[in-house]
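# Results of the structural survey
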Amino acid sequence: DTGRYIRAAYVPSQADIAVFEAIAAPPPADLFHALRWYNHIKSYEKQKASLPGVKKALGKYGPADVEDTTGAATDSKDDDDIDLFGSDDEEESEEAKKLREERLAQYESKKSKKPAVVAKSSILLDVKPWDDETDMAKLEECVRSIQADGLVWGSSKLVPVGYGIKKLQIQCVVEDDKVGTDMLEERITAFEDYVQSMDVAAFNKI
């Protein structure tokens, strides 16, 4: 009988209200019985609390041996909406990023404080006089008078070269970026009253 309502009752009950509230919109016009029922129950909007019966979950109505799955979709959707780990991942990501930045800053700080390695060389120079009458003490004094940033003079000695002539053999340490052999030769041979020539006897990186 299409005129009956849910649970074979002619008077609307809480079961009707439960179904009514579960429907998002009125049934289409081609389902005229369902539409008539919908409109009829809607007319009880103000009296729905006083209708007979006990209102239950929608899935509780129907055959007793049928599993209630009406809330499954909603529960699943709710579970999808809840990001149980997203915030933690984001926090971990932010923490990891912060840690990397701190370590990088520490590395850069240590790197900037660490003194740069200065390339140096040890050079042995042979400085030859004009003849055996050249004042070798004065010649050495002239050589040592050459001062430059990155130049340190070391030990020296006179080495015989023949015919009574001796050459000055003198050690020096230079910073490669500041002092070169060309500069040393130019400055030493500038003392032309005493110096005939200058040669590099040995050159070693330190």
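The preceding data block contains the structure.
Throughout, residues of each chain are indexed from 1 in the direction in which the sequence is written. Per-residue local features of the predicted model are confined to residues with pLDDT of at least 70, and side-chain atom pairs are confined, for both listing and counting, to 80 or more; whole-chain, interface and lining totals are unaffected and use all residues. Calculation of side-chain values draws on the structure's entire complement of heavy atoms; hydrogens and water are dropped beforehand.

### Side note on helix 2 (residues 32-42)
To be explicit about the condition: Buried, partly exposed and exposed residues are distinguished by accessible area as a fraction of the type maximum, computed with a 1.4 Å probe on protein chains only: under 20%, between the cut-offs, and over 50%, respectively. Helix and strand definitions here come from DSSP, where helices need a minimum of 4 consecutive H or I residues and strands a minimum of 2 consecutive E residues; each element is numbered from the N-terminal end. Along the arc lie the directions from the helix axis toward the C-beta atoms. Between two residues, a contact is recorded if the distance between any of their heavy atoms is within 4.5 Å.
Listed as buried for helix 2 are W37, Y38 and I41. Each buried residue of helix 2 lies within a common arc of 100 degrees when the element is viewed along its axis, so the set occupies one face. In this structure, the buried residues of helix 2 make contact with helix 1 (14-22).

### Details of the pattern of salt bridges
Keep this limit in mind: One side-chain nitrogen of Lys or Arg within 4 Å of one carboxyl oxygen of Asp or Glu is enough to make a salt bridge.
In the structure shown here, the tally under the stated rule is seven salt bridges. For D149, the salt bridge identified is with K178, shortest N-O distance 3.1 Å. One end of the pair, D149, is in the loop between helix 5 (136-144) and strand 2 (151-162); the other, K178, is in the loop between strand 3 (165-175) and helix 6 (181-189), with 29 residues separating them in the sequence. Note on D149: relative accessible area 56%, which makes it exposed. A salt bridge links E175 to K178; the shortest N-O distance between them is 3.3 Å.

### Let's talk about helix 5
Every α-helix carries 3.6 residues per turn, so stepping three or four residues along brings you back to the same face. What counts here: Side-chain atoms alone can form a polar contact between residues adjacent in sequence; in general such a contact is a pair of N or O atoms within 3.5 Å, and within protein one must be able to donate a hydrogen while the other accepts it.
Looking at helix 5, one finds that the buried residues are M136, L139, C142 and V143. Projection of helix 5 onto a plane perpendicular to its axis shows the buried side chains occupying an angular sector of 115 degrees, all on one side. Of the surrounding elements, those touching the buried residues of helix 5 are strand 1 (120-129), strand 2, strand 3, helix 6 and strand 4 (195-205). The opening residue of helix 5, the one whose side-chain oxygen lies 3.1 Å from the backbone nitrogen of A137, is D135.

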